[in-house]
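# Analysis of the macromolecular model
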Amino acid sequence: MIMPFTQKVLQIIQGIPEGKVLSYGRVAALAGNPRGARQVSRILHSMSGKHELPWHRVVNSTGKISLPRGRGYELQRALLESEGVLFSPSHTIDLSICLWQPLDLAEKSDEIIF
DNA sequence: CCACTGACTACTT
DNA sequence: CAAGTAGCCAGTG
């Protein structure tokens, strides 16, 4: 069975939960190609419309939206904010809070941290 | 197969 | 922090 980089990227992006984001580089790394950040962006370009991709949950590594104003920036920001993602005064997302980590608390849940 | 492109990233000025 | 540079690699024609 073939699993092109592209397909894997799509799977990963579809797995991002609400209120969380991933950087292009992160997605690429999870897809098995730490250097494939640019491919991720290209994929989003061609597939975001045909697949139901939460493309808005993908930002660049600095926590900023890569899209230029008037070309999707405002839309992406609006979608993220509607999911509870907070933006800093400088149009950046606080990745230390919103960056999705597949490990997350899933494995630690056997002990309550409270 | 080759050349070009891109919603990137890390590093250096 | 902004701007420039180099590396990166899959899709497209």
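Residues numbered from 1 in each chain as written. Chains lettered and ligands numbered in written order. Predicted model: local features only at pLDDT ≥ 70, side-chain atom pairs only at ≥ 80, totals over all residues. Heavy atoms only, no water.

## Digging into helix 4 (residues 73-82)
Basically, it comes down to this: Note on classification: 1.4 Å probe, protein chains only; a residue is buried when its accessible area is under 20% of the maximum for its type, exposed when over 50%, partly exposed between these limits. Numbering of helices and strands runs from the N terminus; a helix is a DSSP stretch of H or I covering at least four residues, while a strand is a stretch of E covering at least two. Think of the arc as the fan of directions from the helix axis to the C-beta atoms. Should any heavy atoms of two residues lie within 4.5 Å, those residues are counted as being in contact.
Within helix 4 the residues assigned to the buried category are Tyr73, Gln76 and Leu80. Along helix 4, the residues classed as buried sweep out an arc of 70° about the axis, all on the same side. For helix 4, the secondary structure elements touched by its buried residues are strand 2 (58-59). Just beyond helix 4, the residue with positive phi is Gly84, at close to 100°.

## Some details on the protein's contact with DNA strand C
What counts, and what does not: Only heavy atoms are used to decide nearness, and a residue is near a molecule or strand if one of them lies within 4 Å of it. A 3.5 Å cut-off defines polar contacts: any pair of N or O atoms within that distance qualifies, except that in protein one atom must be a possible hydrogen donor and the other a possible acceptor, and neighbouring residues in sequence count only when both atoms are side-chain atoms.
Inspection of the region around DNA strand C gives Thr6, Asn33, Arg35, Arg38, Gln39 and Arg42 as its neighbouring residues. The protein-proximal atoms of DNA strand C, defined as those within 4 Å of the protein, are 73% sugar or phosphate. Within the side chain of Arg38, one N or O atom sits 2.9 Å away from a base oxygen of DNA strand C. Arg42 places a side-chain nitrogen or oxygen 2.3 Å from a sugar or linking oxygen of DNA strand C.

## Overview of unusual backbone geometry
Positive phi, close to 65°, is recorded for His91, a residue that is not glycine. Among the structural elements, His91 can be located in the loop between helix 4 and helix 5 (95-98). Taking the relative accessible area as the measure of exposure, His91 reaches 39% and is therefore partly exposed.

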